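Listed here are the chains, written in short residue letters.
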Amino acid sequence: MNEQDTPTTSQQASSAQVSSAIDTKLTFADVYKNSIDNPSHFWAEQAKRIYWHKEPEQILDDSNLPFTQWFVGGETNLCYNCVDRHLEDLAEQDAFIWLSSEINQELMETYPNVEQAFSDLGNNVEFYTDYTKRRLTYNDLYKEVNYFADVLQRHGIGKGDRVIIYMPMILEAAYAMLACTRIGAIHSVVFGGFAAHNLAIRMDDAEAKMLITVDAGLRGGKVINYKNLVNQGVEQAIHKPNHVLVVSRGILPFEAQPIDVDYATERRISCQANAIVDPVWLESNEPSYLLYTSGTTGTPKGVQRDTGGHAVALTTSIDYIYDGKAGETFWTISDIGWAAGHSYTIYAPLLAGMSSVMYEGLPHRPNPGIWWRIVEANKVNILFTAPTGVRMLKKQDETWMTRYDVSSIKSFFLAGEPLDDSTANWLSKHLGVPILDHYWQTESGWPILCHTPKFDHKPHKKGSPGYPMYGYNAHIINEETGEPCAAGEKGLLAISAPLPPGCLTTVWQNDKRFVSSYFNLFNGKEYSTSDYAVADEDGYFYILGRTDDVINVAGHRIGTQEIEEAISTHPEMIECAVVGIHDELKGELPIAFCVIKDHSLTESTESRFRLEQQVIGAVVKSLGGIARPAAVYFPQALPKTRSGKILRRAIRALAENKPTGDMSTLDNPPAIDAVKQSMKDY
Ligand code: ATP
Ligand code: MG
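Throughout this document, residue positions are counted from 1 along each chain, in the order its sequence is written. Written order determines the labels here, with chains lettered from A and ligands numbered from 1. In keeping with the model being predicted, local features are shown solely for residues with a pLDDT of at least 70 and side-chain atom pairs are shown and tallied solely at 80 or more, while totals for entire chains, interfaces and linings include all residues. Water and hydrogen atoms play no part in the side-chain values, which are based on all heavy atoms of the structure.

Colleague: For this particular structure, what's the right way to read the site of ligand 1?
Modeller: Around ligand 1, a shell composed of 21 residues is seen, among which G295, T296, T297, T442 and D531 lie nearest. For ligand 1, an oxygen atom lies 2.6 Å from a polar atom in the side chain of T442. With the chains in place, 96% of the 640 Å² that ligand 1 exposes on its own is no longer accessible. Here the residues of the shell around ligand 1 sort into five nonpolar, nine polar and seven charged. Whether a residue is near a molecule or strand depends on its heavy atoms: if one lies within 4 Å, it is near. Residues adjacent in sequence count toward polar contacts only when both atoms are side-chain atoms; beyond that, a polar contact is any pair of N or O atoms within 3.5 Å, and within protein one must be able to donate a hydrogen and the other to accept it. All accessible-area figures derive from a Shrake-Rupley calculation using a 1.4 Å probe, and residue coverage is judged against the displayed protein chains alone. Just so you know the grouping, Ala, Val, Leu, Ile, Met, Phe, Trp, Tyr, Cys and Pro go in nonpolar, Asp, Glu, Lys and Arg go in charged, and all remaining residues, Gly too, go in polar.

Below, the structure written as structure tokens:
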């Protein structure tokens, strides 16, 4: 069976609930100025977008910077705002449209127990030739979240307890997150597929009382044995959870351990009892969850988020930044273990009463048209992903880009890594919609820099992720003096305290690390993003790379990202990484690693030499001879984190023949060999 173009049954909801208090005729300059000059007034207005069980007594408490409190004394609940609040208007609208291209009709023979497992979990799925789908209304979601919360409570989980969610992109992961926030438990979603050791570290760091997992995940058709990893993790952890709640998907049989609890069995009990669990009202500043950073530059940091500020910030961002409306469909193509998926697959679209697409699968399986087919069948309005997925599609047959009707898309947002012009142009050529680069961090939880399609009086500038968003007093400062940089002058991208609502409030149980990692400059008044940037005369920012990715060639400081940008203009280029290696004479030398469309071009010495010269030529032309790469290698792949970021520190270590250090966040181990091989080929 092949799914027809069925428009969603979602009724157009009144967006009154989420934006009634806001005058949308404002210009962005007005909005921004108001947010910076008068943050209490600005955020008091935005706070009206969510439901408060008790109104805040004080909007902003900045008496103990860099620690900031928002909406002090207010009481609310994240889950209530995501789910219960929509029951009146949106009960029959899809809350989630879940799709898995890892499971489809044809695979039913390979996994004979999957169908039964779906039914045991109350999932009415539809099987198609290329994917499996489940639509879940707000009403359905309400029921499932209540069952899940009931199961948690019956197993001793309550307010303040930490729960680790180690799951793939399945609906039960969303229920688990929402159920935790419903009862005031603090969840921490850990990237699926992390090794047992990393799981153990996080169990110990969070002192988790429960761990929620699955029997197995599927990635590119490969079975990932979650349960086994969890067993090992529990064994290694010093602080062991009381229970491991297992959502069995029927993919992989496993031997139950004494602390294991079968979710399907427990759900049945809650379902038969029609369990309803009252939301626990939290003071706005009580933590809602912990989320570790991607670990691109070192050991991940446990970002702690509050409750009220997070809800207000995300709801506002859907309106002001993404221009999304209740009833529309939002698709963030990112794992929920990364900030983008966490904020914009789960919390933000639900807070705003939208339908959220949750996707388990890769961009090019079963074929490179899968994203666009999903867009067509589900009338997706807003898309958001990281450039890495788009670059993967760039490697494929281009005709896949035009086989489906993607006219429902209003805008396509990208974040997480620098977006090169060639990728942006390629995407925009095929989709014909604005491609909006925006910049943020796990720490911020929502965009810091963006172009706002809603306030379109400001033109979109290619190569820039935009200008500072309302609430962020972001500027570029001289790293040594703290003085503001003039237009065109490079510096550190910093944000003056207080950070706006929704940003990290501290590092979990480590206020010291919070201050030393982020506020160690200029008397703790400036938050350091650890990224370099430059602004133009019109106030648009351009990210120049991470502070640890700047190399010093014969006394000249060059951002490796600038060199990468020059290289990516080459028509053969899919992606590239430039790292600096030690050189006796010049201090450091840039080395380029390039993944090209047609790898066979590197097989003959002649065409390879020509490519090398072209790459070097592109760099010299744009940055001058000083940035000339000392070597150009052509690996088949680059090592990346699970969140799609190139692990430059690992590549640098390989290039210098040093140990690669913490590789816990590495997603594609074969790429390490690919990089090594490319240097051997030379
Ligand atoms: P860690 O902090 O553990 O080293 P990480 O910084 O990669 O990992 P994230 O919070 O996922 O963890 O990523 C945020 C970083 O990603 C930013 O600081 C910036 O370096 C980069 N980034 C995000 N969006 C963009 C963008 N649009 N353009 C350029 N860089 C971006
Ligand atoms: Mg970071």
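Now, onward.
Colleague: Got a minute to help me understand empty space enclosed by the protein in this structure?
Modeller: Summary: where empty space remains is shown by rolling a probe the size of a single water molecule over the atoms. Cavity: a set of points on a 1 Å grid over the protein atoms alone where a 1.4 Å probe fits but cannot get out. Pocket: an open set with protein on both sides within 12 Å along at least five of seven lines, its lining residues, like those of a cavity, having an atom within 4 Å of a point. Grid points are joined across faces, edges and corners, and a volume is the space filled by probe spheres set on the points. A full pass over the atoms with the stated rule returns seven cavities of 30 Å³ or more. Approximately 150 Å³ is the volume attributed to the largest cavity. Around the largest cavity, the lining is made up of 14 residues, and of these R391, P418, D420, E564 and C576 lie nearest the centre. At the level of elements, α18 (560-567) and β31 (573-583) are the ones that each hand at least two residues to the lining of the largest cavity. Helix and strand assignments come from DSSP, with helices taken as H or I runs of at least 4 residues and strands as E runs of at least 2, each series counted from the N terminus.

Colleague: Looking at this structure, how should I read the sheet that holds strand β8 (residues 186-189)?
Modeller: Taking strand neighbours across the sheet as the criterion, the eight strands line up as β13-β12-β9-β7-β8-β15-β16-β26 in an open arrangement whose pairing is mixed. At either margin of the open sheet sits one strand with a lone partner, and together these are β13 (260-262) and β26 (506-507). The sheet contact formed by strand β7 (residues 162-165) and strand β9 (residues 210-214) spans three bridges and is parallel. Opposite V163, over in β9, you have M210 as the bridge partner. Pairing between strands is defined by DSSP: at least two bridges between them are needed.

Colleague: Looking at this structure, I do not really get the sheet that holds strand β27 (residues 526-535). What am I missing?
Modeller: Read from one edge to the other, the open sheet built from four strands follows the order β24-β25-β27-β28, with strand pairing classed as antiparallel. Both outer strands of the open sheet, β24 (474-477) and β28 (541-546), are each paired with one neighbouring strand and no more. With strand direction ignored, the average angle separating the axes of adjacent strands in the sheet is 50 degrees. Strand direction decides the pairing type here: β24 and strand β25 (residues 491-496), joined by four bridges, are antiparallel. Bridge pairing in β25 places I477 opposite L492. Interaxial angles span 0 to 180 degrees and are taken between N-to-C directions of axes, which are lines fitted to C-alpha atoms, for helices over the stretch in contact.

Colleague: What exactly am I supposed to notice about the environment of L65 here?
Modeller: Among the structural elements, L65 can be located in the loop between β1 (58-64) and β2 (67-72). Sequence-wise, L65 and L78 are 13 residues apart; in three dimensions their C-alpha atoms are separated by 25 Å. Among all residues touching L65, those that are not within four sequence positions of it are A497 and P498. Here, two residues are considered to be in contact whenever any of their heavy atoms come within 4.5 Å of each other.

Colleague: Please explain the packing of aromatic side chains as it appears in this structure.
Modeller: Two aromatic rings are characterised by how far apart their centres lie and by the angle between their planes. Between 30 and 60 degrees the pair is tilted, below 30 it is stacked and above 60 it is edge-to-face, where a pair is any two Phe, Tyr or Trp rings, Trp via its six-membered ring, whose centres lie within 6.5 Å. Scanning the model with the defined rule gives 42 aromatic pairs in all. Look at Y344 and W440: their rings are 5.6 Å apart centre to centre, the planes differ by 85 degrees, and that puts the pair in the edge-to-face class. With Y344 in helix α13 (residues 339-351) and W440 in the loop between β21 (435-437) and β22 (449-450), this pair connects stretches of sequence that are 96 residues apart. For the pair Y344 and W440, a shared accessibility class is recorded, and that class is buried. Two thresholds decide whether a charge sits over a ring: the Lys NZ or Arg CZ must be within 6 Å of the ring centre and within 35 degrees of the ring normal. A cation over a ring is seen here: R49 above Y320, with NZ or CZ 5.0 Å from the ring centre. The ring of W400 has R403 sitting right over it, with the charged end atom 3.7 Å from the ring centre. Buried residues are those whose accessible area, probed at 1.4 Å on protein chains only, stays under 20% of the maximum for their type, while exposed residues exceed 50% and partly exposed ones sit between those limits.

Colleague: I keep staring at the environment of S444 and nothing clicks. Help me out?
Modeller: For S444, the location among the structural elements is in the loop between β21 and β22. Once the C-alpha coordinates of S444 and P501 are considered, the two residues, 57 residues apart in sequence, prove to be 8.9 Å apart. The residues contacting S444, other than those within four sequence positions of it, are R305, Y472, G502 and C503. Of note is the side chain of S444, whose polar atom sits 2.8 Å from the backbone oxygen of W446.

Colleague: How should helix α10 (residues 226-236) be read in this particular structure?
Modeller: Within an α-helix, residues lying three or four positions from one another point in the same direction, as the helix has 3.6 residues per turn. Taken together, the buried positions of α10 are occupied by Y226, K227, L229, V230, G233 and V234. Taken around the axis of α10, the buried residues stretch over an arc of 155 degrees, which confines them to a single face. Looking at the packing, one finds that the buried side of α10 touches α9 (196-206), β9, β10 (217-219), β11 (222-224), β12 (243-247) and β13. The arc refers to the directions leading from the helix axis to the C-beta atoms.

Colleague: Before we go on, may I ask you to explain unusual backbone geometry in this structure?
Modeller: Excluding glycine, residues mostly have negative phi values, and the peptide bonds linking residues are mostly trans. Looking along the chain, the bond that leaves R365 and enters P366 is cis, with omega of 0 degrees. With respect to the helices, strands and loops of the structure, P366 is situated in the loop between β18 (355-360) and α14 (370-378). Here the residue pair A497 and P498 is connected by a cis peptide bond, since its omega of 5 degrees sits within 30 degrees of zero. Position of P498 among the secondary structure elements: in the loop between β25 and β26. Residues other than glycine seldom take positive phi values, yet Q509 does so here, at roughly 50 degrees. When you line up the elements, Q509 lands in the loop between β26 and α17 (511-518).

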